[in-house]
Amino acid sequence: ADPVSASQASLPSRTSTITGSSSSSNHTSNSSSNNNKSFIPLPGGRTVDDVLQEKQQVLRGGATTTSMHDPLLRTEYIADTKLPTDRGNFRMRAYRVVGSHSHAYRNTEAMEPIVIYAADKPPFGTDNQLLENVPVRVHDQCLTSEVFQSQRCDCKEQLALSMDYVQRHGGAVIYLQQEGRGIGLANKVAAYELQDYGLDTVDANVQLGFPDDARQYGVLPGILRDLHVGSIRLMTNNPRKIQRLTALGIVVVDTIPILALPNRHNRKYLQTKQERMAHTNFGHILSNQQPGEEELPSHAITYRSNTNTNTEMTPRRPPPPSSSSSGHHFGSY
Ligand SMILES: Nc1nc2c(ncn2[C@@H]2O[C@H](COP(=O)(O)OP(=O)(O)OP(=O)(O)O)[C@@H](O)[C@H]2O)c(=O)[nH]1
């Protein structure tokens, strides 16, 4: 079963009059019940509905689909360059969705996926031999955390953990600019504002007229094909991500749990991921225990240890430029 559907099915039937999404949205907040005026007491005698009314004028865009299958998007290779970072020497490889400049996409930046990989461990197979079991983190943009160092979520920590893992063991971080689980930055800030009033991250999205998770992964098959990667070990705790990638034909042979320590600002957020979005592996960290060997697989990436070498991947040198990925230049540092 699609875990998204499962979590949405259990959502309260409150609805907002807001439709920040397009009319074709099939999000699940379709009840006409509107008697939640006293749902959360807000400062100044306002209600959540009052806040939502204010937002109605300004919310725009964001992906809206909750359909089971993401449309496949064809990407073209654009460039590959060195990326020295505080976390080691990487390379950064840019793609663009073919034709995206002429489409009426609401979020054009989401049309430019990025792959980063350790400069000395390029995760490339060949035409004749695909690279299998490649550790891959599919990471979605979180500007608030990754740029402004917000503590409201665990995004920057997961990005750092996955970069360290890739630096050490090879593989790739595929970075998709679908901010706010695909609803866009300003809408995420609106969702945060509702969370300031007590809603959780799921209800905030839904009250604004968005799905709890609108992310799509249709660019990934083409990118993995370009890398000549045949199968992946996905760094995630999120069953929805596994389901969506698998539905796209991506072979996920294994998952690698990836866990950051909670802080006092993101504990509820992590609990919501666990309880309402079916994210796994959070049990021990939310109960303030150290993760024991018995609780997590030995290859888990945690705040405690990022030194596991449990990977079957055998990095190869990148293939010569092909028609779909011309112009590689692999300089050394
Ligand atoms: N709408 C919304 N998006 C959020 C919120 N907090 C973080 N995000 C976005 O959530 C995305 C990260 O998704 P998560 O659900 O935290 O984690 P995940 O990547 O699905 O799961 P893992 O692979 O296990 O890390 C990023 O795009 C963030 O911008 C929030 O409160 N509301």
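Computed from a predicted structure; not experimentally measured.

Visitor: Any chance you could break down the overall build of the protein chain for me, citing the residues and the numbers?
Guide: The helix and strand tally for the protein chain stands at eleven helices and nine strands. Buried residues in the protein chain amount to 55% of all 333 residues. When the accessible surface of the protein chain is split by element, carbon and sulfur atoms take 50% of a total near 14,700 Å².

Visitor: Requested: an account of the packing of aromatic side chains, with residues and values cited.
Guide: Under the defined criterion, the tally for this structure stands at two aromatic pairs. Here Tyr-77 and Tyr-95 contribute two aromatic rings whose centre-to-centre distance is 6.2 Å and whose plane-to-plane angle is 80°, an arrangement assigned as edge-to-face. Taken together, the residues Tyr-77 in strand E1 (residues 75-85) and Tyr-95 in strand E2 (residues 88-97) connect sequence positions 18 residues apart. The pair formed by Tyr-77 and Tyr-95 is uniform in burial state, with each residue classed as buried. When the centroid spacing of 5.3 Å and the interplanar angle of 90° are considered together, the rings of Tyr-117 and Phe-124 count as edge-to-face. Each member of the pair, Tyr-117 as well as Phe-124, carries the same accessibility label: buried. The lysine or arginine in question, Arg-152, covers the ring of Tyr-192, its NZ or CZ lying 3.9 Å from the ring centre.

Visitor: How would you sum up the layout of surface pockets? Please name residues and give values.
Guide: Where empty space is left becomes clear once a probe the size of a water molecule has been rolled over the atoms. Put simply, the second largest pocket is a space of about 250 Å³. Broken down by secondary-structure element, the contributors of at least two residues to the lining of the second largest pocket are helix H3 (143-146) and helix H4 (155-169). Residue contributions to the lining of the second largest pocket peak at three residues, all from H4. Per-class residue counts for the lining of the second largest pocket are five nonpolar, three polar and four charged.

Visitor: Tell me about the confidence of the model for the protein chain, residues and numbers included.
Guide: Across the protein chain, pLDDT averages 76, with 66% of residues at or above 70. Long-range and interchain partners of residues 1-39, a stretch whose pLDDT sits below 50, account for 84 contacts in this model, where long-range means more than four residues apart. Predicted confidence is poor over residues 305-333, with pLDDT under 50, and the contacts of this stretch with residues over four places away or in other chains come to 80 contacts.

Visitor: Describe helix H8 (residues 220-227), and please don't skip the residues or the numbers.
Guide: A large share of H8 lies buried, amounting to seven of its eight residues. When H8 is considered as a whole, its buried residues turn out to be Leu-220, Pro-221, Gly-222, Ile-223, Leu-224, Asp-226 and Leu-227. Within two residues after H8, His-228 carries a phi angle of roughly 60°, on the positive side.

Visitor: Just give me the short version of the pattern of salt bridges, but keep the residues and values in it.
Guide: Overall, the coordinates contain 17 salt bridges when judged by the stated rule. Among the ionic pairs, Arg-276 bridges to Asp-200, the shortest N-O distance being 2.9 Å. Within this pair, whereas Arg-276 is found in helix H10 (residues 267-276), its partner Asp-200 is found in the loop between helix H6 (185-196) and helix H7 (201-207), the two being separated by 76 residues in sequence. Across the pair, exposure class does not vary: Arg-276 and Asp-200 are buried alike.

Visitor: Now, about unusual backbone geometry: what can you tell me, with residues and values included?
Guide: Negative phi is the rule for most residues except glycine; trans is the rule for most peptide bonds. At Asn-133, a position not held by glycine, the phi torsion is positive, near 60°. Relative to the helices and strands, Asn-133 is located in the loop between strand E3 (114-118) and strand E4 (134-140). The phi torsion at Gln-149 lies on the positive side, around 65°, for a residue other than glycine. Mapped onto the secondary structure, Gln-149 falls in the loop between H3 and H4.

Visitor: Describe the site of the ligand, and please don't skip the residues or the numbers.
Guide: Close contacts around the ligand come from 24 residues, with Arg-215, Thr-236, Asn-238, Lys-241 and Tyr-269 the closest. Contact between the ligand and Gln-178: an oxygen atom at 3.4 Å from a main-chain N or O atom of the residue. With the chains in place, 99% of the 650 Å² that the ligand exposes on its own is no longer accessible. The cavity where the ligand resides is the largest cavity. Mapped onto the shell around the ligand, the elements with two or more residues apiece are E4, H4, helix H5 (179-182), H6, H7 and H10. When grouped by side-chain class, the residues that make up the shell around the ligand number five nonpolar, eleven polar and eight charged. Looking at the shell around the ligand, you find at least three residues from each of domain 1 (3-65 + 194-207) and domain 2 (75-178 + 215-302).

Each value, and the rule that gives it
Residues numbered from 1 in each chain as written. Predicted model: local features only at pLDDT ≥ 70, side-chain atom pairs only at ≥ 80, totals over all residues. Heavy atoms only, no water. Helix = DSSP H or I, 4+ residues; strand = E, 2+ residues; numbered from the N terminus. Buried < 20%, exposed > 50% of the residue type's maximum accessible area, 1.4 Å probe, protein only. Areas by Shrake-Rupley, 256 points an atom, 1.4 Å probe, with all protein chains shown as cover. Phe/Tyr/Trp six-rings, centres within 6.5 Å; stacked < 30°, edge-to-face > 60°. Lys NZ or Arg CZ within 6 Å of the ring centre and 35° of its normal. 1 Å grid on protein atoms, 1.4 Å probe; cavity = no way out; pocket = protein on both sides within 12 Å on 5 of 7 lines; lining within 4 Å. Points joined across faces, edges and corners; volume = space filled by probe spheres on them. Nonpolar A, V, L, I, M, F, W, Y, C, P; charged D, E, K, R; others polar. pLDDT = per-residue confidence, 0-100. Contact = heavy atoms within 4.5 Å. Salt bridge = Lys/Arg side-chain N within 4 Å of Asp/Glu carboxyl O. Near = heavy atom within 4 Å. Polar contact = N/O pair within 3.5 Å; in protein donor to acceptor, adjacent residues only side chain to side chain. Sits in = over half its atoms within 2 Å of the grid points. Domains from an automatic or database assignment.

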